[in-house]
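Inside the fold
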Amino acid sequence: MKGTLVYLLAAGVCCVLASPIDLLKPAATVVEISPRAELEDYRLNDDVMPSHYDITLTPYFEDEDSHQAFSFDGISVMTFRVTKPDVTNIVLHMWKINITSWYLKRASDSSDVPHGVESYDEETHKLTIPVNQALAQNVDYQLIFNYVGILDDDMHGFYRSYYKVNGKYVWMASTQFQQTHARRAFPCFDEPRFRTTFQVKINRPATYKAFSNTPIILQTPLSNGRYQDEFAKTPAMATYLLAFIVADYVVNERDGMGILARPEALNQTDYSLQSGIDLLREIGTWIDYPYSSVPEMTRMYMSAVPDFSAGAMENWGLLTYRESNILYRKDDSTSLQQQRIAAVISHEIAHQWFGDLVTCEWWDVTWLNEGFARYFQFFGTALVEKNWDLGLQFVVEQLQGVMQMDSLESTHPMTHNVYTPSQVSGIFDSISYNKGAVTLRMVEHLITTEKFQNALRQYIKERAFKSTRPENLFEALNEHGDASVRNFMEPWTVQPGYPLVTVIGSKDGYSITQQRFLVNNMNHDDKTTWPLPITFASKEADFANTKPTIVNTATYKITVTNPEELPYFILNNQQVGYYRVNYDDDNWAKISEALRSEKFGGIHVLNRAQIVDDLFNLARAGVVKYDAALEILDYLEDETEYPPWLAAVNGLTTLSRRIHHEDEEKFAKYIVQLFSKAHGLVKFTAPTDEESRLFTYLRINVLQWSCNYGSITCKKAAFDEFVRYYEDPANKVHPDLRQVVYCEGIRQGTDEHFDFLWEQYMSTNMATEQILILQGLGCAQDREQIFKVMDAITSDDIRPQDKNTAFSYLLLNPYTLDHLSEYLRTYYVRWANAHGSYANVASAFNNLLARMKTDEQMWRIRSFAERNEQVFGAAAYNSIQSGVTDYFTNQNFTNKHREVIGGFLDKALAKNNSAGKTTVGILTLVAVIVALLQ
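Numbering of residues begins from 1 in every chain and follows the order in which that chain's sequence is written. Only residues with pLDDT of 70 or above have their local features reported here, since the model is predicted, and side-chain atom pairs are shown and tallied only from 80 upward, although totals for entire chains, interfaces and linings are computed over all residues. Values reported for side chains reflect all heavy atoms of the structure, with hydrogen atoms and water molecules removed beforehand.

The chain has the name Aminopeptidase in an unreviewed UniProt entry, where Aedes aegypti is given as its organism. UniProt positions are given in the numbering used here, feature names are shortened, and annotations may be inferred rather than shown by experiment. Listed under Subcellular location (unreviewed entry) in UniProt, the entry text for the chain is "Cell membrane". In UniProt, the chain has this text filed under Sequence similarities (unreviewed entry): "Belongs to the peptidase M1 family."

Scanning the chain for helices and strands turns up 27 helices and 29 strands. A compact globule built from 934 residues should have a C-alpha radius of gyration of about 30 Å, and the chain, at 29 Å, falls within 12% of that. Each of the three principal axes of the chain carries a C-alpha extent, and together these read 110 × 65 × 60 Å. Burial classification: accessible surface area is computed with a 1.4 Å probe over protein chains only, and a residue below 20% of its type maximum counts as buried, one above 50% as exposed, and the rest as partly exposed. A buried classification covers 60% of the 934 residues belonging to the chain. By definition, residues are in contact when any of their heavy atoms lie within 4.5 Å. The contacts of the chain with a sequence gap of at least 6 include a subset with a gap of at least 24, amounting to 74%. Accessible surface area values rest on a Shrake-Rupley calculation with a 1.4 Å probe, where residue burial reflects the displayed protein chains alone. As displayed, the chain offers around 35,200 Å² of accessible surface, 50% of which is attributable to carbon and sulfur atoms. His residues and chain termini do not enter the charge count, which takes Lys and Arg as positive and Asp and Glu as negative. Taken as the charge location is NZ of Lys, CZ of Arg, CG of Asp or CD of Glu. Averaging the positions of the 84 positive and the 115 negative side-chain charges in the chain gives two centres separated by 2 Å. Where helices and strands are cited, they refer to DSSP runs of H or I of at least four residues and of E of at least two residues respectively, numbered from the N terminus. Only C-alpha atoms enter the radius of gyration; for comparison, a globular chain is expected to reach 2.2 Å times N to the power 0.38, where N is the number of residues.

A few words now on the domain arrangement of the chain. For an interface, size is often stated in terms of accessible area lost upon the parts coming together. What counts as a domain boundary in this text is fixed by an automatic or database domain assignment. Segmenting the chain into domains produces domain 1 (39-248), domain 2 (358-494) and domain 3 (498-632). Each of domain 1 and domain 3 was reduced to a C-alpha centroid, and the two centroids are 55 Å apart.

Before going further, it helps to spend a moment on helix H21 (residues 800-811). Where burial is concerned, most of H21 is hidden: nine out of the twelve residues are buried. Within the span of H21, buried status applies to Gln801, Asp802, Lys803, Thr805, Ala806, Phe807, Tyr809, Leu810 and Leu811.

Our focus in this paragraph is the sheet that holds strand S19 (residues 318-322). Two strands pair if DSSP finds at least two bridges between them. Strand order in this open sheet of five strands is S15-S16-S17-S19-S18, and the pairing throughout is mixed. Looking at the sheet topology across the chains shown, the edges are occupied by strand S15 (250-254) and strand S18 (312-313). When strand S17 (residues 300-305) meets S19, the two strands line up parallel, connected through five bridges. Residue pairing in the sheet places Ser303 in a bridge with Thr320 of S19. Along the sheet, helix H1 (residues 270-287) contacts S15, strand S16 (257-261) and S17; its crossing angle with S16, the most-contacted strand, is approximately 145 degrees. To get an axis, fit a line to the C-alpha atoms, keeping to the stretch in contact for a helix; angles then go from 0 to 180 degrees between the N-to-C directions.

In this description, a disulfide is simply a cysteine sulfur pair whose atoms lie within 2.5 Å. This model, assessed by the stated rule, comprises two disulfides. The disulfide partner of Cys707 is Cys714, and the S-S distance across this bridge is 2.0 Å. Judged by the sign of its S-S torsion, about -95 degrees, the bond between Cys707 and Cys714 is left-handed. Taken N- to C-terminal, the disulfide-bonded cysteines of the chain are connected 1-2, 3-4. Looking at the unpaired Cys188, the closest cysteine sulfur is the one in Cys360, lying at 16 Å. A relative accessible area of 0% places Cys188 in the buried class. Overall, the relative accessible area of 0% leaves Cys360 in the buried class.

With a 1 Å grid laid over protein atoms only, a set of points is called a cavity when a 1.4 Å probe fits there but cannot get out and a pocket when it is open yet has protein on both sides within 12 Å along at least five of seven lines; lining residues have an atom within 4 Å of a point. Grid points are joined across faces, edges and corners, and a volume is the space filled by probe spheres set on the points. Under the definition given, this model contains four cavities of 30 Å³ or more. What the largest cavity holds in volume is close to 60 Å³. Forming the boundary of the largest cavity are Tyr42, His93, Thr124, Thr180, Arg183, Asp190, Glu191, Trp362, Tyr419, Pro421 and Val424. Among the residues making up the lining of the largest cavity, the classes are represented as five nonpolar, three polar and three charged. Taken domain by domain, the makeup of the lining of the largest cavity includes at least three residues from each of domain 1 (39-248) and domain 2 (358-494). Throughout this entry, Asp, Glu, Lys and Arg are counted as charged residues, while Ala, Val, Leu, Ile, Met, Phe, Trp, Tyr, Cys and Pro are counted as nonpolar. The remaining residues, Gly among them, count as polar.

This paragraph deals with the packing of aromatic side chains. Aromatic pairs are defined between Phe, Tyr and Trp rings, using the six-membered ring for Trp, whenever the two ring centres lie within 6.5 Å; interplanar angles under 30 degrees are classed as stacked, those over 60 as edge-to-face, and all others as tilted. Scanning the model with the defined rule gives 64 aromatic pairs in all. Ring-pair connections join several aromatic residues into one group, and the members of that group are Trp286, Phe354, Phe372, Tyr375, Phe376, Phe378, Phe379, Phe394, Phe452 and Tyr459. Think of it as a cone above the ring: NZ of Lys or CZ of Arg counts as a charge over the ring if it is within 6 Å of the ring centre and within 35 degrees of the ring normal. Taking the ring centre of Trp362 as reference, the NZ or CZ of Arg43 above it sits at 3.7 Å. Over the face of the ring belonging to Tyr162 we find Arg799, whose NZ or CZ atom lies 4.2 Å from the ring centre.

Attention now goes to the sheet that holds strand S3 (residues 89-93). Spatially, three strands are ordered S3-S6-S5 in an open sheet, and the strand pairing comes out antiparallel. On the outer flanks of this sheet lie S3 and strand S5 (119-121), each paired with one strand and no other. Each neighbouring strand pair of the sheet contributes to a mean axis angle of 20 degrees, computed without reference to strand direction. Inspection of the sheet shows S5 paired to strand S6 (residues 126-130) by three bridges, in the antiparallel sense. By the bridge assignment, Asp121 is partnered in S6 with Lys126.

Our next topic: the UniProt feature "domain: ERAP1-like C-terminal" (unreviewed entry) in the chain. As recorded in UniProt, the sites labelled "domain: ERAP1-like C-terminal" (unreviewed entry) are residues 569-873. Spanning residues 569-873, this segment combines 69% helix with 2% strand, and its end C-alpha atoms are found 56 Å apart.

A separate point is the pairing of S3. For S3, the tally of buried residues reaches four of five residues, placing the bulk of the element in the interior. Note that S3 and S6 share five bridges and pair antiparallel. When the sheet's bridge partners are listed, His93 is paired in S6 with Lys126.

Our next topic: the side chain of Lys853. With respect to the secondary-structure elements, Lys853 resides in the loop between helix H24 (838-849) and helix H25 (855-867). You can call Lys853 buried: its relative accessible area is 12%. At 2.9 Å, the side chain of Lys853 and the backbone oxygen of Ile659 are in polar contact. As used in this structure description, the phrase polar contact means that two N or O atoms lie within 3.5 Å; if the pair is within protein, one of them must be able to donate a hydrogen and the other to accept it, and residues adjacent in sequence are counted only when both atoms belong to side chains.

If you trace the backbone, Gly776 turns up in helix H19 (residues 767-777). Between the C-alpha atom of Gly776 and that of Ser692, which follows or precedes it by 84 residues, the distance is 26 Å. Those residues in contact with Gly776, other than ones at most four positions away along the chain, are Tyr742, Cys743 and Ile746.

Moving on: unusual backbone geometry. A cis amide bond, omega 5 degrees, links Gln178 with the succeeding residue Gln179. Looking at where Gln179 falls in the secondary structure, it is placed in the loop between strand S9 (168-176) and strand S10 (197-204). Residues other than glycine seldom take positive phi values, yet Ser110 does so here, at roughly 60 degrees. Along the chain, Ser110 turns up in the loop between strand S4 (97-106) and S5. According to the relative accessible area criterion, Ser110 is partly exposed, its value standing at 45%. Located in the positive-phi region is Lys599, a residue other than glycine, with phi close to 55 degrees. Relative to the elements of secondary structure, Lys599 occurs in the loop between helix H10 (585-595) and helix H11 (605-620).

Geometrically, a packed helix pair is captured by the angle between its two axes and the distance between the axes. H19 packs onto helix H18 (residues 751-763) with a crossing angle of 155 degrees between their chain directions and a minimal axis gap of 9 Å. Our classification of the angle between H18 and H19 gives roughly antiparallel. Handedness of the crossing formed by H18 with H19: left-handed. In this structure, H18 contributes Phe754, Leu757, Trp758, Gln760 and Tyr761 to the contact, and H19 contributes Gln770, Ile773, Leu774 and Leu777. Counted by class, the contact of H18 with H19 contains seven nonpolar, two polar and no charged residues. The cut-offs work like this: below 35 degrees is roughly parallel, past 145 is roughly antiparallel, 65 to 115 is roughly perpendicular, and the gaps in between are oblique. Whether a crossing is left-handed or right-handed is set by the direction in which the near helix is turned from the far one by less than a right angle, anticlockwise for left-handed and clockwise for right-handed.

Take the pairing of strand S12 (residues 216-221) next. As defined by bridge partners, S12 adjoins strand S13 (residues 227-231) across five bridges and the pair is classed as antiparallel. Bridge pairing links Leu218 to Glu230 in S13. What sits between S12 and S13 in their antiparallel hairpin is a turn of five residues, with Gly225 showing a positive phi close to 90 degrees.

Moving on, we get to the nonpolar core. In terms of nonpolar packing, the biggest core is built from 291 residues, with Ile90, Leu143, Phe186, Trp353, Leu473 and Leu571 touching the most fellow members. With eleven residues, the top contributor of residues to this core is helix H27 (residues 874-933). Once you skip the residues sitting within four places of it in the chain, Leu571 turns out to touch Val501, Val503, Ile512, Ile534, Thr535, Phe536, Ile558, Tyr579, Val581, Tyr583, Asn607 and Gln610. Remark: nonpolar core denotes a set of buried residues (Ala, Val, Leu, Ile, Met, Phe, Trp, Tyr, Cys) joined through side-chain atoms within 4.5 Å.

Excluding any residue in a salt bridge, patches collect residues exceeding 30% relative accessible area, merging like charges within 9 Å and nonpolar Val, Leu, Ile, Met, Phe, Trp and Tyr side chains within 5 Å. Basic side-chain nitrogens of Lys or Arg form a salt bridge, by our definition, when they fall within 4 Å of a carboxyl oxygen of Asp or Glu. On the surface, Glu38, Glu40, Asp41, Asp121 and Glu122 cluster together into a patch of negative charge. Along the chain, the position of Glu122 falls in the loop between S5 and S6.

Here we come to the pattern of salt bridges. Pairs can form between side chains of opposite charge once their charged atoms are near each other. Tallied over the entire structure, the rule returns 54 salt bridges. Of the charged contacts in the structure, one is a salt bridge between Arg262 and Glu323, with a shortest N-O distance of 2.7 Å. Of the two residues, Arg262 sits in the loop between S16 and H1 while Glu323 sits in the loop between S19 and helix H2 (335-350), which places them 61 residues apart along the sequence. Accessibility expressed as a relative area gives 8% for Glu323, which makes it buried. Between Glu784 and Arg783 there is a salt bridge; the shortest N-O distance is 2.6 Å. Glu784 sits in the partly exposed class, given a relative accessible area of 45%. On the basis of relative accessible area, Arg783 is assigned to the partly exposed category, the value being 30%.

This is how it looks when you write it as structure tokens:
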């Protein structure tokens, strides 16, 4: 049975470029393991400073003599000096490698240095080598290691991957060293402040090719039938930026840029090649430091890797990507996927300066790498793709996106102490990425783009080949802006959260106050304040001014003559400032009236998006009543632009999870009503060459929400299109319609339709198409079909990198929740084995608990966890109990607001019904009059 038309978790986030923790970098595990050593013990001291590594690696993809398949032999020669007298211990990192022999020598004459027995700390990954006498300063020493490592399949360190040719596995090896995984490939000083040069040699099978950060300078045949590829010395860089690939790959190359891919994907590399060429040139010009200024960087390669834990990685000169983030073909990829590819390429290319050339000193200031890369992900891409309105997208996707996490008491400041590998992984989140970029945008508008650009040019030149701290950036900004830039920017980096600014009108103007915005606790006593960038508008022309006045006080008065005569007073032009705004009732009424007037009263499209996002979140926080917020937001019926609708989709997605289960039907009717005019505007049709990119994205969201919530017109058009494709697979659906078409095909279709789409998944050569199909399969409502998808997730049919993605699409579908719970309670061991631990089982249950709406659903999970506490272990079990607590919190929220939200929905639906009856009555009267006149 397929169920009713109500579909309460619309996947409206389809058009949001996803956050770093699910696309650009791996996310931290849901279960935080308490450190088992003193925090400082996870860090290396600076007694020893390495200068160079010579590394020779021999990977094995099958059993070979005494070597096991999926292992590698390594030889590492590290040159170093001591930085102070009386150094008697050398302490460095290694992990998951077996050292078979090691030597300590003077570099000048290879004489042995007397030493004691090494020791290893499994918790901190530290290898300690004692020496019998203090090492001399200003003398080069060498540590030589012979070792064996594992080509694991967990997408970290030096790891194995595969692709298939005619159903046969073709193995390959690649690397992912950020943040703390270089130590799995060779013993090293695995912290970003230790910059050294590297020279790599790969002993590869004859049928393979090898690639690294720099070009091959020598190829030598070996006696065992292998070839040794020796690569040029790298510039001085951090260990996490070293990379190598051993694969039977081909290269699409010109103008100093090359795309590496499996041979079957070569025809998908032209767009990324051209984008890479253009972006490398334009960003280098913008920064006034061409990529070729680094002598060792004579070319750049970008590689598509079939299994990749992050979305992409900025290894200097050898960028690595998930296939879906670099391989593109117009007839099989959506417009949004094209933008995604260009934006991710821009992000990684920006890292060649912000991260590679200039590297954060330690991960506590990760934002110095990732904030800049996220900024250029939008504004760098805009240098090449000028018609995508990326500046508009940035505000809703990045600024409004990070406000969700940063409004929780569990957030952290951008600059934040971290020590353990788990803590380091965790700081690669939307605070470091989004908030970092948002803060940079605020500074740009404060001092002007020209001064901002000049400051960054100076910063890059001064810190080239060095580590950096925030004060180094502040100095450059102060010099080109003014001495107060640091005073403005630094509080945003060292204080968690952001303010709610309240605007109260009076006879002579407006008073503003600020208070930290905590969405779940506005009754707090936190007295934190921020330097506020204040701009305001009361007519259309005012919104163009984004250069703010900085307010450093908790309260402030804006004097205005005759404020009661203004049509409205709106703070934070184009939402440059990182704060929310609440107004008094009179001003909210004026804003509401303006939104319903011609051209929305001249209110800028970004401020309309700001108003939408603020209202949803002010209502969540209890600052504004839900019915008052929804009444203003009802203007969306006439909204025609993508940014406000995207803000609405994000807010409605959260709200839909808190609608009482008995009110779901009327909420669905309201959604169809709210989107009806937009549906008529975008129509169920393929995009034209003349329409704007944002209009295409608007169509995707509107069709998806309209179909998900039961629009008969939308559902029929989408299913008819799916049937046409099913009957003639050569006649494909337009890529920009596939998401909604595949979804309706599975939702309304038969088992035959499901099997057909699954066959397309298994046979397609396009990673982007696989993602679209997984989205469609996530719309299944039948238990057996849902179990089939879950079986695929726990098998090799869905690649490791895509397992969480496939599960997340199922979670967006409320019809799956009971079936997902049953599956996980039945096959929890299989799930743990497929995902690596019971922590992942706990994470899956918590994702279900966050979406469940009845106590019966919750109790099934809670009682199951209690019966299996010993199996799960303390950390995973406690995580599920925490999820249960969150469930009760969510239920309390639902029950608290149900009456008000339900009352609004009843009123809105009644108004629509009344309008419909009036329209029918008028049409009937006209028909009668026409009949009488005939």
